[in-house]
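For reference, the chains in residue letters:
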Amino acid sequence: MVAFDEMTGSGQELRPAYDALDRWLKEAPAETLALRRSQAELFFRRIGITFAVYGDEESTERLIPFDIIPRVLTKPEWTKLEAGLRQRVTALNMFLADVYGPKECLKAGIIPPDLVYRNACYQLEMVDFKVPHGVYCHIAGIDVVRVDADTFYVLEDNARTPSGVSYMMENREVMLRLFPELFAMHRVAPVDNYPDQLLATLRSVAPRSAPSDPTICLLTPGQYNSAFYEHSFLADKLGVELVEGSDLLVKDDVVYMRTTQGPKRVDVIYRRIDDDFIDPLVFRGDSVLGVPGIIGAYKAGNVTLANAVGTGVADDKAVYSYMPEIVKFFTGEEPILKNVPTFRCREPEANAYVLDNLEKLVVKEVNGSGGYGMLVGPHANKAQIETFRRKLKASPEGFIAQPTLALSTCPTFVASGVAPRHVDLRPYVLSGANGISCVPGGLTRVALKEGSLVVNSSQGGGTKDTWVLDA
Amino acid sequence: MRIRISHTISYEYAEPARHIAQILRLTPRDHDGQHVMSWRIEPSIDGRLRASQDAHGNIVHTFYADGPISALGIKVDGLIETVDLAGVIRGGLERVPCDVYRRDTLLTAQDDALRAFTDEATAGAGTPLSQMHALMAAVHERMTCLDASGHTGVGAPAAFAAGEAIAQDIAHVFMACARHLGQPARYVSGYVARSDDLPLGSGAHAWAEVYLDGYGWIGFDSANGLCPIDTHVRVAVGLDFADAAPVRGSRQGGGGENLNVLVTAQEAGSRQVNQ
Amino acid sequence: MLSRTADSLYWVSRYVERAECLARILDATTRLTNLPSTYGGAGTEWQSAVLTAGCEDTFAQAYSEANERNVCDFLTFNPDNPSSIRNCLALARSNARAVRTALTSEMWDALNGAWLELQRFEKKRMDREEFARFLDWVKNVSLVFDGSAYRTMLRDDGYWFSRLGVYLERADNTARILDVKYHVLLPANEQIGGSLDYFQWTTVLREVSALTAYHWVYREAVKPVLIADLLILNRRMPRSLAACYENISRFLDSLGDAYGRQGAAQRQARRTLANLSNTRIENIFQHGLHEFIEDFITENNGLGNTIVEQYLQ
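Quick caveat: nothing in here was measured; it's all calculated off a predicted structure.

What is the right way to read the sheet that holds strand β5 (residues 241-243) of chain A from this model?
Sheet strands pair by backbone hydrogen bonding; their relative direction is either parallel or antiparallel. Residues and elements named next belong to chain A. The strand order β5-β4-β9-β10 describes an open sheet built from four strands, whose pairing is parallel. Of all strands in the sheet, those with a lone pairing partner are β5 and β10 (304-306), marking the two edges. Strand-to-strand twist in this sheet, taken as the mean axis angle between neighbours without regard to direction, amounts to 30°. Where strand β4 (residues 216-219) lies against strand β9 (residues 268-271), four bridges are found, and the strand directions are parallel.

Here you go:
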């Protein structure tokens, strides 16, 4: 399987976006690259940008490997991609408003009702509840992959609490420090206005009862969460308090922060805690991370939660397979971004095909995340394939399957020198009361192992800076 | 039958609590089988009690109180008129599509043993209705009902494996089996009045309801081995116990807690019997 | 400011200060036990180091004998001792990490750098020289952290809470040193004279880095009553109880002014400061040095609890 390379295309040509970078790479000695990489690592370690790997007792804090060679997109490439992202996120929000409201798309047979109603992410508490300003998914991370010069596929929609945006910003920061000469050679669109856009988005969705300068806070599960660095980074950049569940208190359906000067009312909560843990009075009763009564305050219209509760039903992998129809139904337009062809194992015919072709397919668990409940057929051994075969037979409705895509590659600095490695891209799309915004680029994740297609940081993936050239 | 219900829940805290928040599903609604004549909920301390409705249509009270609180009592008194409709529920409020109740939850998870048991129990039954009756009989036969005081819930698979469980888990077992057969099933919390027809005593109780095409929701009380009659008072429904629990609460401070529950459900006008 | 943030800032400072104090105690004790045996004490120096650190119970659970190896291990790297230098620095960092954005990057660098460096020390087998270097390093971490706070923090409630942590901990530490060594400062011992007492006294001074200061202040040979005066009542001495309370009271007043509200914490701190200002060292000896210090430790803990209730929960 020959993958499209973002620098050299399908063969020996040099794609224009990479012109200057290629020249620079050819001139830079390997020792320089190695030195810069170790400087970058030192930078990340000093600022404490680490992530936790669950089940890894040895070191609970690790660095995500950073690759110093940027991934470059031209302005026209980005423009088209951005239009597709806006369309997709618009549809996601309309879909959510519909399934928790009039349910037109279910009545029209766009998606089997069963898939929504039986989904544990379809939060019954949200049925017939009008979210502030009609926005459900304020922050979305849409994972896209590229297969040729013109085609991007959406691999996954992340509509709950997508992470990684701090890496997008810190990657740029370290590149600016270490490679000023590269920035002199390129006109790279900035990403450092992301926090401003996020803050504007959060302010725009404050409840109507809130003062004109609403109090916003970021709710984190705490410092042992794998994305804690990001939570504290964002709170800092936004200039809002970083709170844990125990810092908040609900009284008479109003949420307050405990401060040294007594309780202070909160209007908007950017929450990075999953639905299940956010309110022990409504969801999991054993949650110590959440805030008892917060759902009551939310439903009384006294506080806005971003993202809204129950957005998980939109990014479920089983629902994903219907996204092209969902986009068309709600926007009336043809989808700009394609979906990866998906076999719904709940359909017997599809499952039969999947069972016959496991070694060629990627099988994903519905409701799974982080690449743990996933089989990459071409790279799996017999035992792994058999395990999935058993799972698929036992509960086919729990899985979908997709052909392995030839993800595009980018030049990456690895032990053997500069070599192509597979990448994906997670752009971040913000939806507020005043529309949608999206900073150019996003987080490029790279599978550092030769030939590997798994880019998750928990599975040995790294990241790169992503450049959108402004000219 | 006219049933008088008195339900007292008392907490004592080792140290005074600073703040208490509770969600109470303690108020029944009217439907064809029951008519609420009077009902009141009274907390023993000052606080804010707000009524609302949850996703399933249950009447929910949210109670907030500020400390220091060393003891809290919630007292429920009510009078309700019931008629025997052989377990069929009509004229109630249905807010969510019945497909929702085909969802598996932590407490109603299926395992191989439950699936095999269900398939065997319902093998001879022709219609879905007769399948459910066969299932209720089989669960009643298999499971011994334990007294709720002194035991806690463990969820369907563990309860089934143990062969004995409190009423709420017997309902979970039945629901897991019904959902395995593809039937929407939900949890009901409520009360039963003393009656010669019931093998178990009176008081707080839990059973299940299944949605059958052509009939609607029908109650199945596997712990008693019969469909609910006019002795049964429905208070709240949900996906499982956690979803329909009479009280869910949280508090700050307070240390350890001592909980006492006293329930009486009697036919009104009948002689008081001390429990 | 979030109560939890203030709480963490307060504890970060307390733990760093505690680590430094442990390093001073170990340093001074090592010096005392290194003297030739004719000058040597009763052989209880290591036991008294454990007492000063205030962890005799946990120590007794872990070891049967208070010798150099056991005590040094217990007070430095032992993970089972919640107040070992290692755990103090770990707790300081973990509190700092939880409120990362409330610290300046210099303060965070100081703690995070120290944590990484500590793991290097932890892996080494240390001889006495290396151990001395380690203790110096710990004191240095505290200096760098404290200096970063002093030089880079905004002068608002965050800074004041962090200072309150420093001075409450420092007052506690100075009081504990006095509590353990009070008997060598009693007049009865002065009669005995001799070199042993002299070195015990100078050890007390070294534990609070005040040997040089003593000579500048009193221009006299080392005398127990003056040592007590210096450590308890002398406001020029930065580790004295009076100096600590002068600061505590000042920072509590700053909080009270900024928030427009005074409370029990302000009142308690002023009362203690007034006691320290209005008494003379002779009176303290007259009424019993030991009782005075015990009362002070209780009062100081009480103020800590009041601050927690008033601001931090």
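Explain the arrangement of the chains to me, please; I cannot follow it from the model alone.
Inter-chain contacts occur across two pairs of chains; the most extensive set of contacts lies between chains A and B. In this structure chain B stays clear of chain C, and the shortest span between their C-alpha atoms is 11 Å.

What am I meant to see in the interface of chain C and chain A here?
Bring the parts together and some accessible area is lost; that lost area is often taken as the interface size. Residue-level contacts link 15 residues of chain C with 16 residues of chain A. Split by residue class, the side of chain C that touches chain A holds six nonpolar, four polar and five charged.

When you look at the interface of chain B and chain A in this model, what are you seeing that I'm missing?
Opposite the 18 residues of chain B that make contact, chain A presents 19 residues. Per element, the largest residue contribution to the side of chain B that touches chain A is three residues, and it comes from strand β1 (residues 2-27) of chain B. Tallied by class, the residues present in the side of chain B that touches chain A amount to eight nonpolar, three polar and seven charged.

Got a minute to help me understand the confidence of the model for chain B in this structure?
Interpretation of this model should avoid reading the predicted coordinates in detail wherever pLDDT is low. With 98% of its residues at a pLDDT of 70 or more, chain B has an overall mean of 91. Among the scores for the predicted complex, ipTM is 0.88 and pTM is 0.86.

Is there a simple way to think about the sheet that holds strand β6 (residues 248-251) of chain A in this case?
All names here are of chain A. One open sheet accounts for three strands, arranged β6-β7-β8; its pairing is antiparallel. The outermost strands of the open sheet, each flanked by one partner alone, are β6 and β8 (262-265). For this sheet, the mean angle separating the axes of adjacent strands, direction not counted, is 40°.

How do you make sense of the packing of helix α2 (residues 128-142) of chain B against helix α4 (residues 167-180) of chain B when you look at a structure like this?
The packing of two helices is summarised by the inter-axis angle and the distance between the axes. All names here are of chain B. Across the interface, α2 lies against α4 with an axial gap of 10 Å and an inter-helix angle of 140°. As α2 packs across α4, the resulting crossing turns out to be right-handed. When α2 is examined against α4, the residues Met 132, Leu 135, Met 136 and Val 139 are found in contact with a partner set consisting of Ile 170, Val 173, Phe 174, Cys 177 and Ala 178. Grouping the constituent residues of the contact of α2 with α4 by class yields nine nonpolar, no polar and no charged.

Help me out: how do you make sense of the pairing of strand β1 (residues 66-73) of chain A in this one?
Within a regular strand, the side chains alternate between the two sheet faces. Residue and element names in this part refer to chain A. Judged by how many residues are buried, β1 sits mostly within the fold: eight of eight residues are covered. As judged from the five bridges shared by β1 and strand β21 (residues 461-468), these two strands associate in the parallel manner. Of the residues in β21, the one forming a bridge with Phe 66 is Thr 463.

Cut-offs applied
- Residues numbered from 1 in each chain as written.
- Chains lettered and ligands numbered in written order.
- Predicted model: local features only at pLDDT ≥ 70, side-chain atom pairs only at ≥ 80, totals over all residues.
- Pairing = 2+ DSSP bridges.
- Helix = DSSP H or I, 4+ residues; strand = E, 2+ residues; numbered from the N terminus.
- Axes fitted to C-alpha atoms, helices over the stretch in contact; angles between N-to-C directions.
- Contact = placed C-beta atoms within 7 Å.
- Nonpolar A, V, L, I, M, F, W, Y, C, P; charged D, E, K, R; others polar.
- pLDDT = per-residue confidence, 0-100.
- Left-handed = near helix turned anticlockwise from the far one by under 90°.
- Buried ≥ 20, exposed ≤ 12 C-beta atoms within 10 Å, placed from the backbone.

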